[in-house]
Amino acid sequence: MAHFVLDILNGSLFCLNIIEAESELVQGILAAIFIIDWEFSCINVSEDKLNKEHIGETGSRLAFCEAVHAFRCKIRDQFLRGFGVNNRKSLGTTLVQSIKCITFVDNRFESDNFVSLCGQWTLDVFEIFCQDQVEEQQLLEQFLINNDLWPLWVIPDGTGARLRTDNVSLSLHVPNNTKFIALVDKLISEIGFDRVVAGLTSEASPSSTKDSLTDLGINKTHYSRPWLAAEILCTWKWLGGCVLDSFLPSFVSYMKNGDCGFSDSILNVLIDGALVHGSCSGLNLLKRASVDELEAVDEPFLRALLSVLSTFFQDNLWGNEKATSLFKLLVDKLYIGDNANLNCLKILPSIMNILVRPLSIGVEDQTNDLPDPYSESKLHNVTVDWLKRTVCFPSLSTWQSGEDMEDWLQLVISCFPVEVTEIMQEIKPARYVFPAERAVLYELFQKQRQGASAVLNKLPLVQKLLSELMVISVAYCWEDFDEDDWKFVLHRLRFWIEAAVVMMEEVVENVNNTLTNGSNDVNASLNEFESAVVISDPFPIELARNALVGFSLFCSLIGSQDKEHTGNLNHLGSEKWEIITDRIFEGILRLFFCTAASEAIANSCCHEASSIIASSRLGHRQFWESVASCVLQSSSHARDKAMKSIEIWGLSKGAISSLYALVFSCKPLPPLQYAAFVLLSTEPGAQLAFTCDTGKVSNDGTLNNEDSIETSSAENVHLREELSYKLEKLPPMVLEMDLVAHERVNLLVAWCLLLEHMTSLPSSSPARERIIQYVQESTSSVILDCLFQHIPLELYMGSSSRKKDAELPAAVSEAARRAIATSSVSYSVQFLWPVGPEKMASLAGAVFGLMLHHLPAYVRGWFSDIRDRSGSSAIEAFTKAWCSPTLISNELSQIKKSSFADENFSVSVSKSANEVVATYTKDETGMDLVIHLPPSYPLRAVDVDCTRSLGITEVKRRKWLMSLMSFVRNQNGALAEAIRIWKSNFDKEFEGVEECPICYSVIHTVNHSMPRLACKTCKHKFHSACLYKWFSTSHKSTCPLCQSPF
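Throughout, a residue's number is its position along its own chain's written sequence, starting from 1. Where totals are concerned, whole chains, interfaces and linings use all residues; where local detail is concerned, this predicted model gives features only for residues with pLDDT of at least 70, and gives and counts side-chain atom pairs only at 80 or more. Side-chain measures were taken over the full set of non-hydrogen atoms in the model, leaving aside hydrogen atoms and water.

**Notes on the overall build of the chain**
Next up, step 1: For the chain, the helix and strand inventory stands at 44 helices and 14 strands.
Next up, step 2: In this scheme, a residue with accessible area under 20% of its type's maximum is buried, one over 50% is exposed, and one in between is partly exposed, where area comes from a 1.4 Å probe on protein chains only. Looking at the 1046 residues of the chain, the share that counts as buried comes to 54%.
Next up, step 3: We call two residues in contact whenever any of their non-hydrogen atoms come within 4.5 Å of each other. In the chain, the share of contacts with a sequence separation of at least 24, taken over all contacts with a separation of at least 6, comes to 71%.
Next up, step 4: Using a 1.4 Å probe, the Shrake-Rupley method yields the accessible areas, and only the shown protein chains count as cover for residues. When the accessible surface of the chain is summed, it comes to about 45,300 Å², and 50% of that surface belongs to carbon and sulfur atoms. Under the DSSP-based scheme used, a helix requires at least four consecutive residues in state H or I and a strand at least two consecutive residues in state E, with every element numbered from the N terminus.

In structure tokens form, the structure reads like this:
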């Protein structure tokens, strides 16, 4: 029958057009056609996701729906637009209400594709049935009209909004509500925040483009929907999106056009909702919470309010004036007569955590010759009032849960935030406080200290409040502290940190037992690893986090050299605190090694197990960031004790393996990665982190077994497996990898570790020579090709016009220069995570710069093998522009400062000509050799020329010239060192030391060894490296001179 009706309609378009315009028959027929056509689209998109029962149901309708779809395609949009106004509005309303009903009622389709389809249908309806944007707004009103299921949180009330107070089962309606919010979010992304939420109209016709109405003649209308913005903010997450990713950026973009009235309406709705529900945020109030951290807030209105405030103040959309008006509003709501509004008291601390910064002047401005900055602000007086009220409460040691003392303390704490710089480099007060505030705060601290010293209340919340109060007191009142105050603070900090150490050591034991006693079933082992890292009670972690912040403040005060604080530092600088600070550092380092060892142990099981350990840290990000910050401040003595304690512990992985597991972690936490990198590249870790050969390494980096350096075989240099595996065995298809692939990142970090280790070794030490020898013989120069996949060279190539937007990032050139000037890549590594293309480019620039500095001959060998002329020219141009000037300047300065000159040898430097003149005289012979550094040094080799010779034969002159050229061109290090070795070579020749018959040099030009291996027949001595090469190339083991068996 349906097919019969469709056949009739198929030939009756003219008849439909002449039916009375107000007839409900036309609307019903067309609405049915649209809806069945949409059903056909849904079946096509979602057929593979439907279960068998649904497929059976839809299969019988598919043929009919396909026929309806074909019929719908024949209906022209112009035909539909030709209907009367009322008919169009009625049909449009029917269709948008149908779309809304589909999203709320039909649970078969849950995919993002389905939401996108609904969004496209809605846009099509707007396009067809709306003649202008006023009609579009009217249709949107019908689309968004409230019903029993929608909205959940806020109901439109004229041009404003009111809270929904009826009982709604959130568990039943939230899933469908979030699906409809996802549809609204799609509309916002397509036609703009201004049209969907702000309700702005213009004379232009509606379209599905993203063109903002702000470019048109805008007329504000009564279609403003602050309730919709509040509803979306309270919903927070929906299918395929969330407030932070899509809605807030759109809101911010709209706000930049200056519609303050609309944002005020939203703010009022959110404040009213937060006051009604009156819930604490649970945030860490010691520092300003980031927008991402607000997701942890459970109460929807408070979370939405905090996200708007945090975003708008951080983006400077609002400033001091707005903060002041909000502060006044909330202070007025705090009291109902003489009593406190408890709901307001609960939400106020988290709001003050955001408002206090724009309300106040930073500590760095306290010296400005300005009038009292609080003369026109209530912050100072109100804060003092809150402090005095809190001081009147009894000590925390006698406090019991259920009292409002907690809320008042939280409010006070929120008014004294600390500022944590990137990667926890520095912790300092976030605002300046006046003496009156500091005096009452110190009075509060002393009262709680005395109470806590007398009676220990182990209630977790009491300990948490005491730790937070202690931190802000150290930050703002440390100048008033006496010896008893500091003693109390340090002992409490240590107590809280040690409690976390005990907990984390138990976690490591569980992980280790899982590996040693675990099942052969990988899935079962993974479940055991997940159970092993579960922290059932997070309170010790929270207390330790606060203690770490307080201890960082204490350490920064000890290191302060500010003259105005000299008198106050007497208590801090006393040696009596050294013992307890060392103990605290040891505890922090044990925390650090606990998480590192856990990942190393799990990694020996499988990659998935390692990922479980790494993921477990993300739930306590602030805690681990604080641990990493303190690790960087620890002394080498504390690090040494911590590393030895890990070895004594007897885990399946030691301290160094644990550090490598952390620095190469599959889920990086940036401060932890960098701290592990620092411990591996500095003493005492560096001694054990690289080589594991039989020769003992002394404190100065030299080998006690001198003969071990005499062989050129790379087998005698054994790097630790964690490092050598990445350096020697490059990942397959490394050049085809994604530029931010995990393996590629780890490869560059491994090279950074090796280069940092080379920097730490004395320039002439055998240990350094062994590392250089290892690099030359065991690593692949493909690493340099990898580096220049990150460094954009288009500007240095003739074809740069192919990529007009190609510009060399300033970070790349600056990183290369910094690495050369400081002989370190530490700065680039510090800011590498989270990894991105620009950060990888910066790291690549730093690695290339340091390789040019420490391995010039190695890089030059790679450069000379490049066959692509345009590529080599671009690399040379980059080096000449950004690296060579600093390198040349450093080389000439080092030569000028060197102390190898004596009565027989002198050196003069010409920085303007980039030349070095070396004069060697002995008895009645002598010569002047000129070393010229090319503009693209060290990619191009230095030129050596003899400008004067006296009393020497042409053969000897040429020999001396070639000898110096060989030394300076083969030197992987400073030129000054090459000149010193060349001088030593001729000193020994004049002393009668026999030269090697193979290379005709006393000192080997590469490894700088002496000829020590003597032929038993002819007694000539050879360099071991020369002899090894002779044996390898000649395929025989006879003396090169007498041919006797060697």
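**Overview of the pattern of salt bridges**
Next up, step 1: What counts as a salt bridge is simple: a side-chain nitrogen of Lys or Arg found within 4 Å of a carboxyl oxygen of Asp or Glu. Applying the stated criterion across every chain, the model contains 21 salt bridges.
Next up, step 2: R720 is the partner of E722 in a salt bridge, and the nearest nitrogen-oxygen pair spans 3.3 Å.
Next up, step 3: One connected set of salt bridges, linked through shared partners, spans R357, E419 and K428.

**Here's the deal with the environment of I472**
Next up, step 1: Within the secondary structure layout, I472 lies in helix 20 (residues 460-477).
Next up, step 2: Residues I472 and L553, spaced 81 residues apart in sequence, show a C-alpha to C-alpha distance of 9.7 Å.
Next up, step 3: Aside from chain neighbours lying at most four places away, what touches I472 is L286, I413, F416, L441 and C477.

**Topic: empty space enclosed by the protein**
Next up, step 1: Only protein atoms enter the calculation, which uses a 1 Å grid: trapped sets of points that fit a 1.4 Å probe without letting it out are cavities, open sets showing protein on both sides within 12 Å along at least five of seven lines are pockets, and any residue with an atom within 4 Å of a point is a lining residue. Grid points are joined across faces, edges and corners, and a volume is the space filled by probe spheres set on the points. If you walk through the whole model with that rule in mind, you get six cavities of 30 Å³ or more.
Next up, step 2: Approximately 120 Å³ is the volume attributed to the largest cavity.
Next up, step 3: Lining of the largest cavity is provided by 13 residues; of these, M504, V507, V533, S616 and W624 occupy positions nearest its centre.
Next up, step 4: For the lining of the largest cavity, the secondary structure elements donating two or more residues are helix 21 (483-517), helix 25 (578-603) and helix 26 (607-618).
Next up, step 5: Each residue is assigned to one of three groups, with Ala, Val, Leu, Ile, Met, Phe, Trp, Tyr, Cys and Pro labelled nonpolar, Asp, Glu, Lys and Arg labelled charged, and all others, Gly among them, labelled polar. Looking at the lining of the largest cavity, its residues break down into eight nonpolar, four polar and one charged.
Next up, step 6: The volume enclosed by the second largest cavity comes to roughly 80 Å³.
Next up, step 7: Taken together, 11 residues line the second largest cavity, and the ones lying closest to its centre are N284, K287, V420, V549 and Q622.
Next up, step 8: The biggest single contributor to the lining of the second largest cavity is helix 27 (residues 621-633), with three residues.
Next up, step 9: For the lining of the second largest cavity, a count of residues per class yields five nonpolar, three polar and three charged.

**Quick notes on the packing of aromatic side chains**
Next up, step 1: Each pair of aromatic rings taken from Phe, Tyr and Trp, with Trp reduced to its six-membered ring, is defined by centres within 6.5 Å and is described as stacked if the planes are under 30 degrees apart, edge-to-face if over 60, and tilted in the remaining cases. Counted according to the given criterion, the structure contains 34 aromatic pairs.
Next up, step 2: Between W150 and W227 the ring centres are 6.0 Å apart and the planes differ by 70°, which places this aromatic pair in the edge-to-face class. Placement of the pair is W150 in the loop between helix 8 (133-144) and strand 1 (154-157) and W227 in helix 11 (residues 226-235), with a sequence separation of 77 residues.
Next up, step 3: The rule for a charge over a ring is simple: NZ of Lys or CZ of Arg within 6 Å of the ring centre, and within 35 degrees of the ring normal. Directly above the ring of F664 sits K726, whose terminal nitrogen or CZ lies 4.3 Å from the centroid.
Next up, step 4: Positioned above the aromatic ring of Y827, the side-chain terminus of R818 is 3.7 Å from the ring centre.

**What to know about the packing of helix 21 against helix 23 (residues 539-558)**
Any two packed helices are characterised by the angle at which their axes cross and by the distance between the axes.
Next up, step 1: Geometry is summarised by axes, namely lines fitted to C-alpha atoms with helices restricted to the contacting stretch, and by angles between N-to-C directions that run from 0 to 180 degrees. Taken N-terminus to C-terminus, the directions of helix 21 and helix 23 make an angle of 135°; their axes are 8 Å apart at the nearest point. Considered as vectors, helix 21 and helix 23 are oriented oblique to each other. Judged by the twist between their axes, the crossing of helix 21 over helix 23 is left-handed. Judged by residue contacts, W486, L490, L493, W496, I497, A500, M503 and M504 of helix 21 engage P540, I541, L543, A544, A547, L548, G550, F551, F554 and L557 from helix 23.
Next up, step 2: Residue classes in the contact of helix 21 with helix 23 are distributed as 17 nonpolar, one polar and no charged. Angles below 35 degrees are treated as roughly parallel, those above 145 as roughly antiparallel, those between 65 and 115 as roughly perpendicular, and all remaining angles as oblique. A clockwise turn of the near helix away from the far one marks a right-handed crossing, whereas an anticlockwise turn of less than a right angle marks a left-handed crossing.

**A closer look at the nonpolar core**
Next up, step 1: Side-chain atoms within 4.5 Å are what join buried Ala, Val, Leu, Ile, Met, Phe, Trp, Tyr and Cys residues into a set we call a nonpolar core. If you look at the biggest cluster of nonpolar residues, it comprises 286 residues, and the most contacted ones within it are F247, L270, W386, F592, Y660, W751 and M851.
Next up, step 2: Not counting the four nearest positions on each side in its chain, Y660 is found in contact with L680, A689, F690, R720, E722, L723 and L753.

**What about the confidence of the model for the chain?**
Next up, step 1: In predicted models, pLDDT denotes the confidence assigned by the predictor to each residue on a 0 to 100 scale. Of all residues in the chain, 82% have pLDDT values of 70 or greater, and the mean over the chain is 81.
Next up, step 2: Averaged over each element, pLDDT in the chain is lowest for helix 2 (residues 13-18) (42) and highest for helix 29 (residues 655-663) (95).
Next up, step 3: The model gives residues 8-22 a pLDDT under 50, and that stretch makes 18 contacts with residues more than four places away or in other chains.
Next up, step 4: Long-range and interchain partners of residues 561-567, a stretch whose pLDDT sits below 50, account for three contacts in this model, where long-range means more than four residues apart.

**Here's the deal with the environment of G278**
Next up, step 1: Here G278 lies in the loop between helix 13 (260-277) and helix 14 (300-314).
Next up, step 2: Residues G278 and L345, 67 residues apart in the sequence, show an inter-C-alpha distance of 8.1 Å.
Next up, step 3: Ignoring anything within four residues of it in the chain, the contact list for G278 reads N343, K346 and I347.

**Observations concerning a nonpolar patch on the surface**
Next up, step 1: Patch criteria: residues need more than 30% relative accessible area and no salt bridge. Like-charged residues are merged within 9 Å; nonpolar side chains of Val, Leu, Ile, Met, Phe, Trp and Tyr are merged within 5 Å. A contiguous nonpolar patch, built from L739, V740 and V835 and spanning about 180 Å² of accessible area, is present on the exposed surface.
Next up, step 2: Tracing the sequence through the fold places V740 in the loop between helix 32 (721-728) and helix 33 (742-760).
Next up, step 3: By relative accessible area, V740 is classed as partly exposed at 31%.

**Quick look at the side chain of S665**
Next up, step 1: Along the polypeptide, S665 turns up in the loop between helix 29 and helix 30 (670-681).
Next up, step 2: In protein, a polar contact requires one atom able to donate a hydrogen and another able to accept it; more generally it is a pair of N or O atoms within 3.5 Å, and residues adjacent in sequence count only if both atoms are side-chain atoms. At 3.3 Å, the side chain of S665 and the backbone nitrogen of K667 are in polar contact.
Next up, step 3: Sequence-distant contacts of S665, that is, excluding residues within four places in its chain, are made with E599, A614, R617, Q673 and H742.

**Looking at helix 22 (residues 522-532)**
Next up, step 1: S525, L526, F529 and A532 are the residues of helix 22 that are buried. Projected down its long axis, helix 22 carries its buried residues within an arc of 120°, all on one side. Along helix 22, the residues that are exposed and aim more than 90 degrees away from the buried face are N523 and S531.
Next up, step 2: In this structure, the buried side of helix 22 is in contact with helix 21, helix 25 and helix 26.
Next up, step 3: Sitting at the amino-terminal end of helix 22 is D521, which places a side-chain oxygen 3.2 Å from the backbone nitrogen of N523. What the arc covers is the set of directions going from the helix axis to the C-beta atoms.

**Some thoughts on the pairing of strand 10 (residues 915-922)**
Next up, step 1: Here, strands pair whenever DSSP counts at least two bridges between them. Pairing of strand 9 (residues 905-910) with strand 10 involves six bridges; the strand directions are antiparallel. Looking at strand 10, one finds that V909 is bridged to V916.

**Observations concerning the packing of helix 36 (residues 810-822) against helix 41 (residues 884-897)**
Next up, step 1: One way to put it is that helix 36 packs onto helix 41 with a least axis distance of 9 Å and a crossing angle of 10°. By the angle class used here, helix 36 and helix 41 are roughly parallel. Between helix 36, through R817, I820 and A821, and helix 41, the contact on the second element is made entirely by T886, L887 and N890.
Next up, step 2: Of the residues assigned to the contact of helix 36 with helix 41, the class counts are three nonpolar, two polar and one charged.

**Section: the environment of E756**
Next up, step 1: With respect to the element layout, E756 can be found in helix 33.
Next up, step 2: Sequence separation between E756 and F677 is 79 residues; the distance between their C-alpha atoms is 9.8 Å.
Next up, step 3: Discounting residues that sit within four places of it in the chain, E756 has contacts with F677, S681, S823, S824, V825, S826 and L850.

**Focus: unusual backbone geometry**
The phi angle of most residues is negative, glycine excepted, and most peptide bonds adopt the trans form.
Next up, step 1: The omega angle of the peptide bond from W833 to P834 is -5°, so this bond is cis rather than trans.
Next up, step 2: Assignment of secondary structure puts P834 in the loop between helix 37 (826-830) and helix 38 (837-854).
Next up, step 3: Geometrically, the link from Y937 to P938 is a cis peptide bond, its omega value of 5° lying close to zero.
Next up, step 4: Structurally, the position occupied by P938 is in the loop between strand 11 (925-932) and strand 12 (943-950).
Next up, step 5: In this structure, Q1043 is a non-glycine residue whose phi angle is positive, near 65°.
Next up, step 6: Take Q1043: it is sitting in the segment after helix 44 (1024-1034).

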